[in-house]
Amino acid sequence: HGHIKKIKASNSTNDALDIDFSNISIDNLIITNSGNDCVDLSFGSYQFNNVEIDFCGDKGISVGERSKLFSNLSFIKNTDIGIAVKDSSIAKLKNANFDNVKTCFAAYKKKQEFNGGKIKVKKTECLNYDKKTDIDIFSEITHN
């Protein structure tokens, strides 16, 4: 449990930030050049106020295994998937901005023991992408 003012990570071989089983709020999160996911969240509740993510090997933010993510402002670029929400997780996003991604939003069921993922976004801008959304039959993506 706790509050972190700033996390800055760069040039990670694998996941840059991997947080499990936590209740954490982060004011400023800056991640660049990660070999895999820039942010990987599992089994917890997370609040991010300002997120800047650039050059991720796989996902900008991965939310899984019954996690909840609340994000106010996110800038995610140069990654395969901007935000992936899976396995009974929920992401509520106020303002999500993507540039040069293969997929902006992905929601799906990966593990048999869980349901799908849910993404609720108020405002989004997605530039230079292949697919805006990738969703399976167990999941939901809504834009307000």
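Our subject is the structure listed above.
Residues take numbers from 1 onward in each chain, read along the sequence in its written order. At least 70 in pLDDT is required for a residue's local features to be given in this predicted model, at least 80 for side-chain atom pairs to be given and counted, and no such filter applies to totals for whole chains, interfaces and linings, which use all residues. Only hydrogens and water are set aside; all other atoms, that is, all heavy atoms of the structure, feed into the side-chain values.

Asker: Describe the overall build of the chain, naming the residues involved and giving the relevant values.
Answerer: In DSSP terms, a helix is any run of H or I states spanning at least four residues, a strand is any run of E spanning at least two, and both are numbered starting from the N terminus. Summing up its helical and strand segments, the chain has 0 helices and 10 strands in all. Mapped in sequence order, the helices and strands of the chain form the string β-β-β-β-β-β-β-β-β-β. Just to be clear, the radius of gyration here is over C-alpha atoms, and the globule rule we use is 2.2 Å times residues to the power 0.38. In summary, the chain has a C-alpha radius of gyration of 13 Å against a globular reference of 15 Å for 144 residues, a match within 12%. When burial is assessed residue by residue, the chain has 47% of its 144 residues classed as buried. In what follows, a contact means two residues having at least one pair of non-hydrogen atoms within 4.5 Å. Here the analysis covers contacts within the chain between residues at least 6 apart in sequence; of these, 31% occur between residues at least 24 apart. A 1.4 Å probe and the Shrake-Rupley method give the accessible areas. Residues count as covered only by the protein chains that appear here. Of the accessible surface of the chain, which amounts to about 7,200 Å², a share of 45% is contributed by carbon and sulfur atoms. The buried label applies to any residue whose accessible area, calculated with a 1.4 Å probe on protein chains only, is under 20% of its type's maximum; exposed applies above 50%, and partly exposed to all values in between.

Asker: Account for the packing of aromatic side chains, naming residues and giving values.
Answerer: Aromatic contacts are taken between Phe, Tyr and Trp rings whose centres are within 6.5 Å, Trp giving its six-membered ring; a plane angle under 30 degrees counts as stacked, one over 60 as edge-to-face, and the others as tilted. Under the defined criterion, the tally for this structure stands at 3 aromatic pairs. With 5.0 Å between their ring centres and 80° between their planes, F98 and F105 make a pair best called edge-to-face. On the accessibility criterion, F105 (0% relative accessible area) is buried. Members of the aromatic cluster, connected to one another through ring pairs, are F21, F43 and F114. One cation-aromatic arrangement involves K109 over F138; the distance from NZ or CZ to the ring centre is 4.6 Å. We call a charge positioned over a ring when the NZ of a Lys or the CZ of an Arg lies within 6 Å of the ring centre and within 35 degrees of the ring normal.

Asker: Please give an account of the nonpolar core that cites residues and values.
Answerer: Of all hydrophobic cores here, the largest spans 34 residues; its most connected members are V39 and I61. The element that contributes the greatest number of residues to this core is strand β8 (residues 90-108), accounting for 8 residues. Beyond its immediate chain neighbours, meaning those up to four positions away, V39 contacts L17, L29, I31, F48, I53, K59, G60, I61 and S62. Put simply, buried Ala, Val, Leu, Ile, Met, Phe, Trp, Tyr and Cys residues joined by side-chain atoms within 4.5 Å make one nonpolar core.

Asker: Could you give me a rundown of the side chain of S67, with the residues and numbers involved?
Answerer: Structurally, S67 is set in the loop between β6 (59-64) and β7 (68-86). When its relative accessible area of 1% is taken as the criterion, S67 is described as buried. There is a polar contact of 2.9 Å between the side chain of S67 and the backbone oxygen of G64. Residue contacts for S67: discarding those within four places in its chain leaves L41, S42, F43, G44, Y46, S88, S89 and I90. Two N or O atoms count as a polar contact when they lie within 3.5 Å, although within protein this holds only if one can serve as hydrogen donor and the other as acceptor, and sequence-adjacent residues are included solely when both atoms are side-chain atoms.

Asker: Now, about the environment of N33: what can you tell me, with residues and values included?
Answerer: Examined against the element boundaries, N33 turns out to sit in strand β3 (residues 23-34). For N33, a relative accessible area of 38% translates into the label partly exposed. For N33, the contacting residues outside a window of four places in its chain are S10, N11, S12, D54 and F55.

Asker: Could you give me a rundown of the pattern of salt bridges, with the residues and numbers involved?
Answerer: Oppositely charged side chains are able to pair whenever their charged atoms sit close together. Each reported salt bridge corresponds to a side-chain nitrogen of Lys or Arg within 4 Å of a carboxyl oxygen of Asp or Glu. With the rule as written, the count across this model stands at 5 salt bridges. Here D37 makes a salt bridge to K59, at a shortest N to O gap of 3.8 Å. Of this pair, D37 sits in the loop between β3 and β4 (39-42) while K59 is found in strand β6, placing the two residues 22 residues apart along the sequence. By the burial criterion, D37 is buried, and K59 matches it. One salt bridge connects K111 with E65, and the closest N-O pair in it is separated by 2.5 Å. On the criterion of sequence distance, the pair formed by K111 in the loop between β8 and β9 (118-135) and E65 in the loop between β6 and β7 is long-range, its members being 46 residues apart. Given the relative accessible area of 32%, K111 is considered partly exposed. Among the charged side chains, a salt-bridge network with shared partners connects D37, D58 and K59.

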